[in-house]
Every structure is written in C-alpha cells, then in structure tokens.
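# Understanding the architecture of this molecule
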Amino acid sequence: DSMHVLIGETGVPYFGSTEDYTISLDRTLKAMEANDLDYTLWCYESKNRQSLWSGENSPSLGDLWNGEDLSLYSNGRGRGLQAALRPFLYQYSSDLEVTYQHFDAFTGAYKLVIRGIVECEDCIDAVFLFVPSCHYSRGVKLTVSSGELHHDRASQTIKWTFARIEEDFSLAIATAENID
C-alpha cells in the first residue's frame, strides 16, 4: 500500500535572475511530481522589513525568516510563476494511482498516466485537473487514451471521465504552439 505524503513549505532561494529562479523552482517541483508527492510552496511576505509594518520582502533583504528569500511573492509581485503555476490532478478516486506525470514549464506540455489499482469492470471514473490558463492562452490540445473530456476555461479545470477498461489511462496537454 502506498502512503499519501505532503511536503510542507518547499521552495528555492531567490538568487540571480528571475529566469534562474524559475528554472530552479521547476526542477524542484518536477522532483515532487516524479515521486507523486503533494506539496505546499513557501509564499510568505514579511511585514517586518526595516521597521515594524513598513513593507514587503525583497531580494536584498529577503523575507527576514533566517535571512532567506524563498517566497513566490516579493515587492507586490509574483515571481517564478511560470514554474509554480502548473497542471495538477486535484481530485480522483482512492483506487486510482498516479504512475507518471511530467510538466514542462517552458513549453506547457503535460503528461499524466494513472492506473486503477482495484479491478472494476463496471466502474466509471472521473478525475479533475487544474489547468492554468497562463500556459495555454493561445489554445490547448487535449489527448486521452480513452474517455471523455470537459474543459472549463473559466474555472481552468478539466473533468476526465472514463470506463476502467484499460490498465493505464493517459492524458496529454499541449499548447497550440506545440501541436503537431
């Protein structure tokens, strides 16, 4: 039996450029996804910079938590959002298992493979994914091994329903720019 694991307060320090931060954060989150770990991202904004209640965290001062600068939010702006905002499975049956997922933050390509861990010939499963529109503003191509998809652009979600007739079920997302 597998155990559900939640990693709390993960992130990367903000050093160098925004692009360096995005690459580092993407690398960290790929490791989480590859191991089917859920996580929370460090997103703290200090109100204690220089004097009590005076401002926000910054690259030069950090967030005043151990001198670190880990937050996704700094000086009123998000950073590393290209890596932080990514597709993810947020609701699915406990007898389904994620066997593979991979997201490329720079192309928007996402692949998910799930497996039914309990045989069920008459089961109809539904899984729900968050699909951030920031990666798919020019359109999206959705491909599944079987089943039906409903993409709600307003809520940035996909509902995927399928009968459990295969061992593995896969879903792929591509941006309009990357459609063959």
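Everything here concerns the structure above.
These lines cover the structure that appears in this document, whether it is placed above or below. From a predicted model like this one, the values you see are computed outputs, not experimental measurements.

Structurally, Gly78 is set in strand β4 (residues 77-78). Looking at Gly78, the relative accessible area reads 40%, which means it is partly exposed. The sequence separation of Gly78 and Cys43 amounts to 35 residues, and the corresponding C-alpha distance is 9.5 Å. Excluding its chain neighbours within four sequence positions, the residues that come into contact with Gly78 are Leu72 and Tyr73.

Next up on the list: the pattern of salt bridges. Tallied over the entire structure, the rule returns four salt bridges. The salt bridge partner of Lys30 is Asp26, with a shortest N-O separation of 3.3 Å. Residue Lys30 and its partner Asp26 are located together in helix α1 (residues 18-34), separated by four residues, close to a single helical turn. On the basis of relative accessible area, Asp26 is assigned to the buried category, the value being 3%.

Cut-offs and rules
Residues numbered from 1 in each chain as written. Predicted model: local features only at pLDDT ≥ 70, side-chain atom pairs only at ≥ 80, totals over all residues. Heavy atoms only, no water. Helix = DSSP H or I, 4+ residues; strand = E, 2+ residues; numbered from the N terminus. Buried < 20%, exposed > 50% of the residue type's maximum accessible area, 1.4 Å probe, protein only. Contact = heavy atoms within 4.5 Å. Salt bridge = Lys/Arg side-chain N within 4 Å of Asp/Glu carboxyl O.

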